[in-house]
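Chain by chain, the residues:
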Amino acid sequence: MAMAPSPSLPQVYTSPVAVAVWEWQDGLGTWHPYSATVCSYIEQQFSQQKGQRFGLGSLAHSIPLGQADPSLAPYIIDLPSWTQFRQDTGTMRAVRRHLFFQHSAPGRGITWEWLSDDGSWTAYEASICDYLEEQVARGNQLVDLAPLGYNYTVNYATHTQTNKTSSFCRRVRRQAGPPYPVATINTLPGHTGVSCSCHQCLSSSGTGPVSGRYRHSMTNLPAYPVPQPPHRTAIVFGAHQAFAPYNKPSLSGARSAPRLNTTNPWGGAPPSLGNQPLYHSSLSHLGLQHLPPGSSTASGASASLPSGPSSSPGSVPTTVPVQMPKPSRVQQALAGVTPKPEPEQVIKNYTEELKTPPDEDCIICMEKLSVVSGYSDVTDSKTIGPVTVGRLAKCSHAFHLLCLLAMYCNGNKDGSLQCPSCKTIYGEKTGTQPRGKMEVFQFQVSLPGHEDCGTILIVYNIPHGIQGPEHPNPGKPFTARGFPRQCYLPDNAQGRKVLELLKVAWKRRLIFTVGTSSTTGETDTVVWNEIHHKTEMDRNVTGHGYPDPNYLQNVLAELAAQGVTEDCLEQQ
């Protein structure tokens, strides 16, 4: 039953106090407010994190909504991009924070809702609720929403919404609930409007929202770069797949293209990285026990692990690669840097040259092994000829050695090699994971299917940054959506073994990479790198939670495919 509004608006408060309403935008551009309870939680976390800076100067952390409402467990608000990120599907929605006077409809807990086709009630955006409340309090029984950009009228007497074009009617209702959270703001002298706290306005102010911008809000997701052209492909018959080391350029382009600087992109780190406090408050009800750096788990490994080489305090990372002469091996030795092996030597270390090539195709260039390598026009080598064929030592698969060299040079050139046919790894494989932090917690709450033990919580945190020479687009920014990311393991013997192997994978930069999101299509963003994690602990509707009796065995197999096995633990 609808409740009658108060006959007059309360007295206007003169103190700089407002209420905050957080809203998300659907695919049609309509804004939907979170409930007052969820907004109170978001506002609390936002107030604690406001002013913390990370990476390229953006806000530091994300807010997991499942801590306020279990039904919102898959959702995280990513403050740096002002988006709502769904972990299981990768869907992103814009979010905004609107401030209203304390006497407004949100400040008094008043919401207006309309009845959808499926029989559920949907709340109007907060500005409409406030407008409806104001008009009805003035005695207007028929309210036209045209001033707010909507082609509807709302009749308070009949509790209906009418489309002015089609005359289609829907039921509406007025609900009273808990008020939205109070947020203290600093209003500029002479300003009597509502302040805006969108991403762009907050970026311009170190003390809070910029006033005088009520109609300015972030309504669109960040524009994504144009996808890169597809890789060089070939029609393949049989069980093998073609492997393309890179987009094959023309001969002239390959000869004239400048070479990127190959200096270590980890040479410097923001002083805040590694000292940035982890977002704990949303997990405090679980009784977390943080394992500090240097402490040991059951297997004796450190629980707080930075990704990438450490740097001296106060150092600043180079943001854009520049063309510089390659340091000599003598210079590297004097600087204390272990020189990387020459690419040709890496290929020779793991292969055996064949005098007579077998009668089969090279699955890298899809040319016959008896003819010239398909990459001879873009790959130069003084020691490997264009028709040289070799066999890998362990798996015995044969390739043009020049094709293997092209494949190796297109990676991060870490001294390891992986067979493109059977994935056998030669040497110690490392990845291209950006710099970040991995932290481990333990708490005495059981996962479904593992009721006999507690839970291990892994928190990964990677900030936005600039791509290094090993990434797809060196020198360009990359995004890191949905961080910090929380993952769960059972605190039993097998779960702890998986944890120790994940630590090895993290140190080798294998957990994440920079690429294109398969769910959103966004390029130049941090994505998972073929090692599955459980990001939900209390259900398994999406396949990312528990119970899952095969998960630990599956993730051990995925780690082994990256060269991370129990032998790695014995070597530590």
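Criteria and thresholds
Residues numbered from 1 in each chain as written. Predicted model: local features only at pLDDT ≥ 70, side-chain atom pairs only at ≥ 80, totals over all residues. Heavy atoms only, no water. Helix = DSSP H or I, 4+ residues; strand = E, 2+ residues; numbered from the N terminus. Buried < 20%, exposed > 50% of the residue type's maximum accessible area, 1.4 Å probe, protein only. Contact = heavy atoms within 4.5 Å. Areas by Shrake-Rupley, 256 points an atom, 1.4 Å probe, with all protein chains shown as cover. Salt bridge = Lys/Arg side-chain N within 4 Å of Asp/Glu carboxyl O. Pairing = 2+ DSSP bridges. Axes fitted to C-alpha atoms, helices over the stretch in contact; angles between N-to-C directions. Arc of directions from axis to C-beta. Polar contact = N/O pair within 3.5 Å; in protein donor to acceptor, adjacent residues only side chain to side chain. Parallel < 35°, antiparallel > 145°, perpendicular 65-115°, else oblique. Left-handed = near helix turned anticlockwise from the far one by under 90°. Nonpolar A, V, L, I, M, F, W, Y, C, P; charged D, E, K, R; others polar. Core = buried A, V, L, I, M, F, W, Y, C linked by side-chain atoms within 4.5 Å.

1. Observations concerning the overall build of the protein chain
Item 1. On a plain count of helices and strands, the protein chain comes out with 10 helices and 29 strands.
Item 2. Evaluated residue by residue, the protein chain yields a buried proportion of 47% over its 572 residues.
Item 3. Once local pairs closer than 6 in sequence are excluded, the contacts in the protein chain between residues at least 24 apart make up 63%.
Item 4. A total accessible area of about 27,700 Å² is found for the protein chain, and carbon and sulfur atoms account for 53% of it.

2. Observations concerning the pattern of salt bridges
Item 1. Enumeration over the complete set of coordinates arrives at 20 salt bridges.
Item 2. Two residues, Glu-439 and Lys-437, come together in a salt bridge whose shortest N-O distance is 3.6 Å. With respect to burial, Glu-439 and Lys-437 carry one shared label: buried.
Item 3. When the shortest N-O distance is used, the salt bridge between Lys-503 and Glu-500 registers 3.5 Å. Of the two residues, Lys-503 and Glu-500 are both situated in helix H8 (residues 493-507); the distance of three residues between them amounts to about one turn of the helix.
Item 4. Taking the relative accessible area as the measure of exposure, Lys-503 reaches 3% and is therefore buried.
Item 5. If you follow the salt bridges from partner to partner, you end up with Glu-23, Arg-96 and Glu-125 in one network.

3. Description of the sheet that holds strand S14 (residues 169-176)
Item 1. A sheet is described by the order of its strands in space; here six strands give the open sequence S10-S9-S14-S13-S12-S11, paired in antiparallel fashion. Because the sheet does not close on itself, it has two edges, and the strands there are strand S10 (121-123) and strand S11 (142-144). The mean angle between the axes of side-by-side strands here comes to 30 degrees, regardless of whether they run parallel or antiparallel.
Item 2. Examined bridge by bridge, strand S9 (residues 110-115) and S14 share five bridges and lie antiparallel to one another. Bridging from a neighbouring strand, Ile-110 pairs with Ala-176 of S14.
Item 3. Against the sheet, helix H2 (residues 126-137) touches S9, S11, strand S12 (152-155) and S14, its axis set at about 105 degrees to S9.

4. With respect to helix H6 (residues 343-350)
Item 1. Those residues of H6 that sit buried are Pro-343, Glu-344, Val-346, Ile-347 and Tyr-350. Projected down its long axis, H6 carries its buried residues within an arc of 160 degrees, all on one side.
Item 2. Packing partners of the buried residues in H6 comprise strand S18 (351-354), strand S19 (389-392), helix H7 (401-409), strand S21 (417-418) and strand S22 (425-426).

5. Re the side chain of Gln-486
Item 1. With respect to the helices and strands, the residue Gln-486 is situated in strand S27 (residues 485-490).
Item 2. Reaching out from Gln-486, the side chain makes a polar contact with the side chain of Tyr-488 at a distance of 3.4 Å.

6. Examining the packing of H8 against helix H9 (residues 551-561)
Item 1. Packing of H8 against H9 leaves a shortest axis separation of 11 Å and a crossing angle of 25 degrees. Of the possible angle classes, the one that applies to H8 and H9 is roughly parallel. The way H8 lies across H9 gives a crossing that is left-handed. Residues Gln-494, Gly-495, Lys-497, Val-498, Leu-501, Leu-502 and Ala-505 of H8 pack against Leu-552, Gln-553, Val-555, Leu-556 and Leu-559 of H9.
Item 2. Along the lines of polarity and charge, the residues of the contact of H8 with H9 split into eight nonpolar, three polar and one charged.

7. Details of the nonpolar core
Item 1. Residues Met-438, Ile-458, Tyr-460, Leu-489, Leu-502, Ile-511 and Phe-512 are the most contacted members of the largest nonpolar core, which totals 39 residues.
Item 2. Those elements giving two or more residues to this core turn out to be strand S23 (436-443), strand S24 (455-461), S27, H8, strand S28 (512-515) and H9.
Item 3. When residues in this core are grouped by element, the largest group, seven residues, is from H8.
Item 4. Residue contacts for Ile-458: discarding those within four places in its chain leaves Met-438, Glu-439, Arg-485, Gln-486, Cys-487, Leu-489, Leu-499 and Leu-502.
Item 5. Listed in part, the 28 residues of the second largest apolar core include Val-346, Cys-365, Val-378 and Phe-399.

8. Details of the sheet that holds S18
Item 1. Reading across from one edge, S18-S19-S20 is the order of the three strands in this open sheet, with antiparallel pairing throughout. Where the open sheet ends on each side, the last strands, each with one partner, are S18 and strand S20 (398-400). For this sheet the average axis-to-axis angle between neighbouring strands, irrespective of direction, equals 35 degrees.
Item 2. In the sheet, S19 pairs with S20 via three bridges, with the strands oriented antiparallel. Residue pairing across strands places Arg-391 opposite Ala-398, the latter belonging to S20.
Item 3. Each of S18 and S19 touches H6; the most contacted strand, S18, lies at about 85 degrees to it.
Item 4. Strands in contact with H7 are S18, S19 and S20; relative to S20, the strand with the most contacts, it is inclined by about 80 degrees.

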